[in-house]
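# Structural overview for review
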Amino acid sequence: MTDKEQLQMLLGQVKQLKARMDKKDRDEQERRRAETVNARSANVRETALTPVAAVAMPRIPDRFVYKGLEIIPGGFLALESVWRNHWVGADVATPFNAIPYGFATAGHTDEFHFSARATRPALLVRGDLSPTTHIQGYFETDFLGAAQTANANQSNSYNLRVRQAYTNIDNDDYGLHFTAGQTWSLVTMNSLGTRPDTSLQPPTIDHNYMPGYVWDRNPGIRIYKDFGKQFWLALAAEGSANTFAAPGPGFGPVSTLLPNNLGIPAPALLALATNGGSLNTLDTYSFNRLPDLVGKAAWDAPLGDRTVHLEAFGVAREMTERVYFGNHRVWVGGVGAGAIIPIIPKLLEFQVSGMIGRGVGRLASSQLPDATYSAFGALQPLYQRSLLVGATLHPTPQTDVFAFAGGDIAGKNPQVTAINGTIFAGGYGNPLYNNIGCSLENPISQVTPGVAAAVPLAALGNPLFNCSGQTHALREITTGAWHTLYEGPAGKIRVGVQFAHIIRNGFNAVGGAPHGSENTILTSFRYFPF
């Protein structure tokens, strides 16, 4: 054998040894991620299956093998319930910004629903493209979409609702990773690194989670790199949408209608979808020419016998309106950060996350508007801030007890001008808006049987009793518990209960600041057969 052949053979052996070492490192990373997820309760994470979730009982086959690919079914069957002391008209996902004020007749009653629509099938397929390059595809769905209200604002809730459908590729040689498809946004808190399968949700049963939680779930691409599996950098381009608040009703002689007689047109901010284009033709869509751009840095810092997860992100977005026969665009964005701190490893952990920015309302659970417009039609982005804090206790390996508090707050942006003796009010949170009718129940349902009132008394012809009601803040405190009743060869059974107290505060205007509140009790029974 020549020296060249010996050298080539030696290089091949070194490469094989490196591949084995990389696989060992990857297996250790997966074991570590599994321990982290289990300590943080895999049930309350919204990902129904992770690439390491199926290694608990190695003696029992828990996957299929086809052409060298591992095929791992997952997900759960669910029966859940929700009771609210003020009727909203919602399933187990609370629309926080629709918590009723006093004018809504239905809001003076309570509501209860059983629901199996949270049932969530999932499937993971993974394999190796080479000894050091690995691929996985993940899909999960549920039935919480509503066709007539489906949109792409936050959760892409078309029927059948695609929660996640993505491909992820990992390269061990360079620590590079690539994700393409629909998954949790990079603005969403992670429990480890910046991987799409380590996104972390509050342990709530409510499928809109709670005010203060920052998240999005839309299609996009993500490129990220790890440095020793401890420090991570990521960049993503994600599906975009914008939400807007129209001016509220003015009080007395104050007008909130654009002075069209002076040639000032209303801005075009949204448009109906076209038939045959596979979008919801009953809903409107904002004008988006660019995706949202998100960057994140994360550090899984070893601290004695525990690992502390720290992260920070920034997001840049563009808004477009059409007015005065031209397109006008505004760049907006925000920054956020989060931390997960094991106070007592495997027993008690604390987490905090938040965001502040301009035009980022749709990236939080409350779905506060991104922007409004002035009396002359100019886009006016709104400032928002979100904060979520909470702790989870694991008193036994089968039980998790949690307590969280959070809130989303929107800043006001009032616009006032006088033209030819007429005062025009616009913007968001304007003190010249009319709130007199916000707490006065509309008796229209008593006059017209079978018609529920969701509009203030002004709808009966008295403009004095109107309600602007624009939301200033939404806050929630919640507590609950999850318990594993069974875990064995037949899968796992988990039950949960949650209580939440939610407060909605409107901006102060003529008639005061409206107020709404909601007490909610939710229960969940989930069977994980795989």
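Our focus in this paragraph is the overall build of the chain. Looking only at helices and strands, one finds two helices and 24 strands in the chain. Residues classed as buried in the chain amount to 50% of the 530 residues present. Of the contacts formed within the chain by residues at least 6 apart in sequence, a portion of 67% connects residues at least 24 apart.

Now for the packing of aromatic side chains. In this structure the tally under the stated criterion is 11 aromatic pairs. Aromatic side chains Tyr428 and Phe507 sit 5.3 Å apart centroid to centroid with 85 degrees between the ring planes, which places their arrangement in the edge-to-face category. Residue Tyr428 is located in strand 21 (residues 422–428), and its partner Phe507 is located in the loop between strand 23 (491–506) and strand 24 (515–528); the two are separated by 79 residues in the primary sequence. Judged by its relative accessible area of 2%, Tyr428 falls in the buried class.

Of note in the backbone geometry, Tyr209 takes a positive phi value of approximately 65 degrees without being a glycine. Looking at the element boundaries, Tyr209 is found in the loop between strand 7 (176–184) and strand 8 (217–227). Even without being a glycine, Lys346 presents a positive backbone phi close to 65 degrees. With respect to the helices and strands, the residue Lys346 is situated in the loop between strand 14 (326–344) and strand 15 (348–358). Since its relative accessible area comes to 69%, Lys346 is described here as exposed.

On to the pairing of strand 2 (residues 69–84). Relative to strand 2, strand 1 (residues 64–66) is paired through three bridges, and the arrangement is antiparallel. Bridged to Tyr66 within strand 2 is Leu69. Where strand 2 meets strand 4 (residues 120–130), seven bridges bridge the pair, whose relative direction is antiparallel. The residue of strand 4 that forms the bridge with Gly75 is Pro121.

When strand 22 (residues 471–488) meets strand 23, the two strands line up antiparallel, connected through 16 bridges. Within the sheet, the bridge partner assigned to Thr471 lies in strand 23 and is Gly506. Pairing geometry for strand 23 and strand 24, over 14 bridges, is antiparallel. Of the residues in strand 24, the one forming a bridge with Ile493 is Tyr527.

This part is about a nonpolar patch on the surface. A cluster of nonpolar side chains, namely Leu79, Phe112, Phe114, Leu485, Tyr486 and Phe525, defines an oily patch on the protein surface of about 630 Å² accessible area. Among the elements of the structure, strand 3 (111–115) and strand 22 are those that each provide at least two residues to the nonpolar patch. Taking relative accessible area as the criterion, Leu485 reaches 54% and is therefore assigned exposed.

This model, assessed by the stated rule, comprises 19 salt bridges. A salt bridge links Asp197 to Arg195, with the shortest nitrogen-to-oxygen separation between them at 3.0 Å. As far as the burial class goes, Asp197 and Arg195 line up, both buried. Here Asp216 and Arg362 are joined by a salt bridge, their closest N and O atoms 3.3 Å apart. With Asp216 in the loop between strand 7 and strand 8 and Arg362 in the loop between strand 15 and strand 16 (371–373), this pair connects stretches of sequence that are 146 residues apart. By the burial criterion, Asp216 is buried, and Arg362 matches it. Residues joined by salt bridges that share partners form a network here, namely Asp216, Asp292, Arg317, Arg362 and Asp370.

It is worth spelling out the environment of Ile71 at this point. Turning to its location among the elements, Ile71 is positioned in strand 2. Exposure remark for Ile71: the relative accessible area of 21% places this residue in the partly exposed category. Each C-alpha atom, one on Ile71 and one on Leu123, is 7.3 Å from the other, the two residues being 52 residues apart in sequence.

With that settled, consider the side chain of Arg84. As for its placement among the helices and strands, Arg84 is situated in strand 2. Judged by its relative accessible area of 0%, Arg84 falls in the buried class. Within the local environment of Arg84, its side chain forms a polar contact with the backbone oxygen of Ala90, the two atoms lying 3.0 Å apart. A polar contact of 2.7 Å, which involves the side chain of Arg84, links it to the backbone oxygen of Asp91. Beyond its immediate chain neighbours, meaning those up to four positions away, Arg84 contacts Ala90, Asp91, Val92, Ala93, Thr94, Asp110, Glu111, Glu518, Asn519 and Thr520.

This next bit is on the environment of Ala301. One can find Ala301 in strand 12 (residues 292–303). With 70 residues separating them along the chain, Ala301 and Phe231 place their C-alpha atoms 8.1 Å apart.

A separate point is the confidence of the model for the chain. With 80% of its residues at a pLDDT of 70 or more, the chain has an overall mean of 85. In this model residues 36–58 is a low-confidence stretch, pLDDT under 50, and it forms 70 contacts with partners more than four residues away in sequence or in other chains.

Calculation criteria
- Residues numbered from 1 in each chain as written.
- Predicted model: local features only at pLDDT ≥ 70, side-chain atom pairs only at ≥ 80, totals over all residues.
- Heavy atoms only, no water.
- Helix = DSSP H or I, 4+ residues; strand = E, 2+ residues; numbered from the N terminus.
- Buried < 20%, exposed > 50% of the residue type's maximum accessible area, 1.4 Å probe, protein only.
- Contact = heavy atoms within 4.5 Å.
- Phe/Tyr/Trp six-rings, centres within 6.5 Å; stacked < 30°, edge-to-face > 60°.
- Pairing = 2+ DSSP bridges.
- Patch = residues over 30% accessible without salt bridge, like charges linked within 9 Å, V, L, I, M, F, W, Y side chains within 5 Å.
- Areas by Shrake-Rupley, 256 points an atom, 1.4 Å probe, with all protein chains shown as cover.
- Salt bridge = Lys/Arg side-chain N within 4 Å of Asp/Glu carboxyl O.
- Polar contact = N/O pair within 3.5 Å; in protein donor to acceptor, adjacent residues only side chain to side chain.
- pLDDT = per-residue confidence, 0-100.

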